[in-house]
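# Structural overview
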Amino acid sequence: MIERIWSGQSWLYILLLPLSFLYGLVTFVRYICYKLGLFRSWEAPIPVIVVGNLTAGGNGKTPVVIWLVESLIKEGYRVGVVSRGYGGKSDQYPLVLSPDTPTAQAGDEPVLIYHRTKAPVAVAPKRSEAVKALLKKYQLDIIITDDGLQHYALGRDYEIVVIDGQRRFGNGWWLPAGPMRERAGRLKTVNALIVNGGIVNGGTAQASEVLMELQGDIAVNLLSGDKLPVSELSNVVAMAGIGHPPRFFTSLENKGLLLKQTYAFSDHQPYELQKLVSLTPNNETLLMTEKDAVKCQSFAQQNWWYLPVYASLNEAGEERIISEIKKVIEDKSKRACS
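Residues numbered from 1 in each chain as written. Predicted model: local features only at pLDDT ≥ 70, side-chain atom pairs only at ≥ 80, totals over all residues. Heavy atoms only, no water.

## Details of the domain arrangement of the protein chain
When the domains of the protein chain are assigned, the result is domain 1 (1-77 + 141-212 + 313-337) and domain 2 (217-308). For domain 1 and domain 2, the distance between their C-alpha centroids amounts to 28 Å. (Domains from an automatic or database assignment.)

## Some thoughts on the pattern of salt bridges
All chains considered together, the criterion is met by 21 salt bridges. Across the pair R320 and E324 runs a salt bridge whose closest N-O atoms are separated by 3.4 Å. With R320 and E324 both in helix 10 (residues 315-337) and 4 residues apart, this pair spans about one turn of that helix. Judged by its relative accessible area of 28%, E324 falls in the partly exposed class. Beyond isolated ion pairs, a larger network of salt bridges with shared partners links K61, E109, D146, D267 and K291. (Salt bridge = Lys/Arg side-chain N within 4 Å of Asp/Glu carboxyl O. Helix = DSSP H or I, 4+ residues; strand = E, 2+ residues; numbered from the N terminus. Buried < 20%, exposed > 50% of the residue type's maximum accessible area, 1.4 Å probe, protein only.)

## Let's talk about the sheet that holds strand 6 (residues 158-164)
In a beta sheet, neighbouring strands pair by backbone hydrogen bonds and run either parallel or antiparallel. Across the sheet, 9 strands lie side by side as 3-4-2-5-1-6-7-8-15; this open sheet has mixed pairing. Of all the strands in the sheet, the pair left with one neighbour each is strand 3 (95-96) and strand 15 (310-313). Where strand 1 (residues 48-52) lies against strand 6, 4 bridges are found, and the strand directions are parallel. Across the sheet, I49 pairs through a bridge with Y158, a residue of strand 6. Docked against the sheet, helix 3 (residues 61-74) engages strand 1, strand 2 (79-83), strand 5 (142-146), strand 6, strand 7 (192-196), strand 8 (209-215) and strand 15, running at close to 170 degrees with respect to strand 5. Strands strand 1, strand 5, strand 6, strand 7, strand 8 and strand 15 of the sheet are contacted by helix 10, whose axis makes an angle of about 155 degrees with strand 6. (Pairing = 2+ DSSP bridges. Contact = heavy atoms within 4.5 Å. Axes fitted to C-alpha atoms, helices over the stretch in contact; angles between N-to-C directions.)

## Examining the pairing of strand 13 (residues 285-289)
Burial of strand 13 is extensive: 5 of the 5 residues sit out of reach of the surface. Inspection of the sheet shows strand 11 (residues 236-240) paired to strand 13 by 3 bridges, in the parallel sense. Looking at strand 13, one finds that V236 is bridged to T285. Where strand 13 meets strand 14 (residues 304-307), 4 bridges bridge the pair, whose relative direction is parallel. Bridging across to strand 14, L286 finds its partner in W304. Handedness of the β-α-β unit built from strand 13, helix 9 (residues 290-296) and strand 14 comes out right-handed. (Right-handed = clockwise from strand over helix to strand, strands pointing away.)

## Side note on the side chain of K295
Relative to the helices and strands, K295 resides in helix 9. At 2.6 Å, the side chain of K295 forms a polar contact with the backbone oxygen of Q269. Discounting residues that sit within four places of it in the chain, K295 has contacts with T103, D108, G241, H268, Q269 and Y271. (Polar contact = N/O pair within 3.5 Å; in protein donor to acceptor, adjacent residues only side chain to side chain.)

Okay, here's the thing in structure tokens:
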């Protein structure tokens, strides 16, 4: 139902408009207060790059963070990542991740980023505290913040917004009548716009936007670590607990899989063994996202597989973003030494 409302296919959004105007007013006032210096932002001694979005729901932000971290590491930079840690609850913050930090503590996305990139990761409701914790423990050149475009308490040197190429901004209204955290005019102030699926999903990209596709064809068994072309899996039941599960199911069908059943769960939802076992009563192949897999690793079954995906940007856009960020790093380093 919420998808129909946010996409403009239902008039019920009208009932939620009073709450949306209140949300929009509070958001705008906070933004102005930080812009005018009435509220203070904490400035890190090294560059902070924000990867965020204007809308609620999955836009492909985490794969972009992973791409950016890996790209900067290849350039020779020491990179750290901070996050709010949605879906996790720790006894104390900031929490610096270790190889055995569970998703119940740190959240699924930080754990996924940590294990995929091997970069230092810290989570905290106040992202500045997470940055300070990383700087205390590691020598870093740059910080990437996973989400946090609207977290103005943390200063930033470069902003990247990820846009869903098919859904884009829905009906254009603020939460909860629409998917918007901020109005689309905010895009005029950011440094880079990345459109996820602007080609394959029939969307259109503007001249200032960088096109991206999520690619991945090799499935991994949760229990054994065995790898197999996803197209060779059979008798498949698919599940996804991400911001927009239909994107995952559609991608599998586009790879030629005939899905016996699909199960969509809420984003960041924790899983239990018995619940997931019940999805495959005849020992069908259970195929999930990597974000789901990090929450299921401790009780994985032999018939469970996941599909890692990778952000693939068009070459010119990729080079422009990396080049601009390298300049940000150099400029901030020069200012620190002067």
